[in-house]
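Here is how the chains run, residue by residue.
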Amino acid sequence: MKKVINITVVVVIVLLLLTGCNKIEEVNSKISVVDEVYNKVEETNNIINKKDSKEDSNLKNPFEKIDLSKRPNEVGQIMILMYHNIGNKESEWVRTVENFKRDLSVLYEKGYRPISLKDFVNNNINVEAGYTPIVITFDDGNKNNFNIIVKDGKKIIDPNCAVGILEEFHNQHPDFPLEATFFTFGKNPFRQKELVEYKLKYLIEKGLDIGNHTIGHNNFTNLDSSSIQRVIGQNVEFLSSILKNYEVNMLALPYGSRPKNKENEVYLKKGEYNGINYNNIAILNVGWKPSYSPIDKRFNPYSIPRVRASETNVDNVGLYNWLEYFDKFPQKRFISDGNPDVVTVPKKFEDIVDKDKLNGKLLYIYEEKE
Ligand SMILES: [Zn+2]
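Residues numbered from 1 in each chain as written. Predicted model: local features only at pLDDT ≥ 70, side-chain atom pairs only at ≥ 80, totals over all residues.

Description of the overall build of the protein chain
Here is the rule we go by: A helix here means a DSSP run of H or I that spans at least four residues, while a strand means a run of E at least two residues long, and both kinds are numbered starting from the N terminus. Residues with at least 20 other C-beta atoms within 10 Å of their own are called buried, those with 12 or fewer are called exposed, and the rest are partly exposed. The C-beta atoms themselves are positioned from the backbone. Remark: residues whose backbone-derived C-beta atoms lie within 7 Å of one another are considered to be in contact.
What the protein chain contains, in helices and strands, is nine helices and 16 strands. For the protein chain, the residues scored as buried account for 34% of the 370 residues in total. Contacts in the protein chain between residues far apart in sequence, at least 24 positions, make up 65% of those at least 6 positions apart.

Observations concerning the nonpolar core
Keep this limit in mind: What makes a nonpolar core is a set of buried Ala, Val, Leu, Ile, Met, Phe, Trp, Tyr and Cys residues, with links drawn between C-beta atoms within 7 Å.
Grouped together as the largest cluster of nonpolar side chains are 62 residues, with contacts concentrated most on Leu81, Val135 and Ala162. Sort the elements by how many residues they give to this core and helix H7 (residues 225-242) lands first, with six residues.

Focus: the pairing of strand S9 (residues 209-212)
Selection rule: Here, any two strands with at least 2 DSSP bridges between them count as paired. The handedness of a crossover follows from its direction of travel: if, with the strands pointing away from the viewer, the path from the first strand over the helix to the second runs clockwise, the crossover is right-handed.
Of the two faces of S9, the one lined by Asp209 and Gly211 and the one lined by Ile210 and Asn212 are each fully buried. Bridge analysis of strand S8 (residues 181-184) against S9 gives four bridges, and the strand direction is parallel. Note on S9: the bridge partner recorded for Phe183 is Gly211. Remark: the S8/helix H6 (residues 196-205)/S9 crossover connection has right-handed handedness.

What to know about helix H9 (residues 319-328)
Where we set the bar: As used here, the arc is the angular range of directions from the helix axis to the C-beta atoms.
Among all positions of H9, only Leu319, Trp322 and Phe326 are buried. Seen from one end, H9 has its buried residues packed into an arc of 65 degrees, which puts them on one side. Projecting away from the buried face of H9 at angles above 90 degrees are the exposed residues Glu324, Asp327 and Lys328. Against the buried residues of H9 lie strand S1 (79-83), helix H3 (97-109) and strand S14 (307-308).

Description of unusual backbone geometry
Its identity is not glycine, yet Asn274 carries a phi of approximately 50 degrees, on the positive side. Locating Asn274 in the fold gives a position in the loop between strand S11 (270-273) and strand S12 (276-279). Not every positive phi belongs to a glycine, and Asn313 is a case in point at roughly 50 degrees. Turning to its location among the elements, Asn313 is positioned in the loop between S14 and H9.

A few points about the environment of Asn212
Its location among the elements puts Asn212 in strand S9. Linking Asn212 and Leu239, residues 27 residues apart in sequence, is a C-alpha distance of 8.7 Å. In contact with Asn212, other than residues within four places in its own chain, are Phe183, Ile232, Asn235, Val236, Val248, Met250 and Leu251.

Structural notes on the pairing of strand S5 (residues 132-139)
Most of S5 sits inside the fold, with eight of its eight residues counted as buried. Alternating residues of S5 divide into Thr132, Ile134, Ile136 and Phe138 and Pro133, Val135, Thr137 and Asp139, and every residue in both groups is buried. The pairing of S1 with S5 spans five bridges and is classified as parallel. From the neighbouring strand, Met79 faces S5, where its bridge partner is Ile134. With three bridges joining them, strand S4 (residues 112-114) and S5 adopt parallel strand pairing. Looking at S5, one finds that Pro114 is bridged to Ile134. Bridge count for S5 against S8 is three bridges, and the pairing is parallel. By the bridge assignment, Thr137 is partnered in S8 with Thr181.

Here we look at the environment of Ser226
Looking at the secondary structure, you find Ser226 in helix H7. Residue Ser226 is classed as partly exposed on the basis of its 14 C-beta neighbours within 10 Å. In sequence terms Ser226 and Glu272 are 46 residues apart; their C-alpha atoms lie 8.8 Å from each other.

Some details on helix H5 (residues 162-172)
Along H5, the residues classified as buried are Ala162, Val163, Gly164, Ile165 and Leu166. The elements touched by buried residues of H5 are S1, strand S2 (85-87), H3, S5 and strand S7 (154-157).

Structural notes on the confidence of the model for the protein chain
Put simply, the rule reads: Per residue, pLDDT captures the predictor's confidence, and it can take any value from 0 to 100.
For the protein chain, per-residue confidence averages 88 on the pLDDT scale, and 84% of positions sit at 70 or higher. Looking over the protein chain, one finds the lowest element-wise mean pLDDT in helix H2 (residues 24-60), namely 45, and the highest in S8, namely 99. In the model, residues 7-58 has pLDDT below 50 throughout and makes 17 contacts with residues more than four positions away in sequence or in other chains.

Below you can see the structure in the form of structure tokens.
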């Protein structure tokens, strides 16, 4: 537009020079001709602008690149896996090294990719198109979760502990991100007192997460409000004293317990102890089933079920049972559209989407071709 005005001014000046300032009438008529030309130019410009903005919106269409042939369904279910120990002998709460490695391979082959628990609850899901996010959690912070062998003064991560196995698998399969949350309790997480600080900082630096499992693996059933705040807050106080810039804001309930007095449930989420305020964004149950998608109306971040990653005493609701279920009913499974800014959902599931949970993302509903 500036150009047009400039041209007009130049034309007017040229006309004035040509005609002389005393021939006012003539100049006026010349100016009206200029005005006409100006209007024409403006009209043309508007057409160009319209064309431009059309092209722009086409370029910016975030839905254009979504591959619907991969049948994305971002309101599908996601498994939050619960592990405890990695050990030599398989049992209800122990996964052997071989079995844990097999779990990772099977998940990888079946198109599951780890995301962080924080990204899960915040609906910040960034997984390649056609793949399914999964969250890996470990409870109790046992030594076999993260064991360090000191050899000739050098710290080596035990290749048979959970961290060692996860790192090795990630190195072999870079498209299987290193993501897991370790829920620890007490002042000696991972049970090597002199290495507590080293280990906690190492995990956070690697992008892994630390969650709260109370100060003493406490059962919440009979605790009053101040005790609940103490057992949660004291563990936050300890972990935060080492991890200064890291927020410990996810809680796994020991024994899956909740206060019998329902009025005290609120303190699982929020509370204060010794000047430490905590505000949990996720509360995890022991559970036996996959979680709803974080944009599902039924999703409750303060009661997230988990799937037991075991094959012993799982009552047909362990990891391998659910893998079989999702193989059989793939439409139940969360399938990523590959675009973290867009939430893509088949029309038939539109009703279960909670639009308030989109967290700034665009919702794309599409009709599936059967
Ligand atoms: Zn526990």
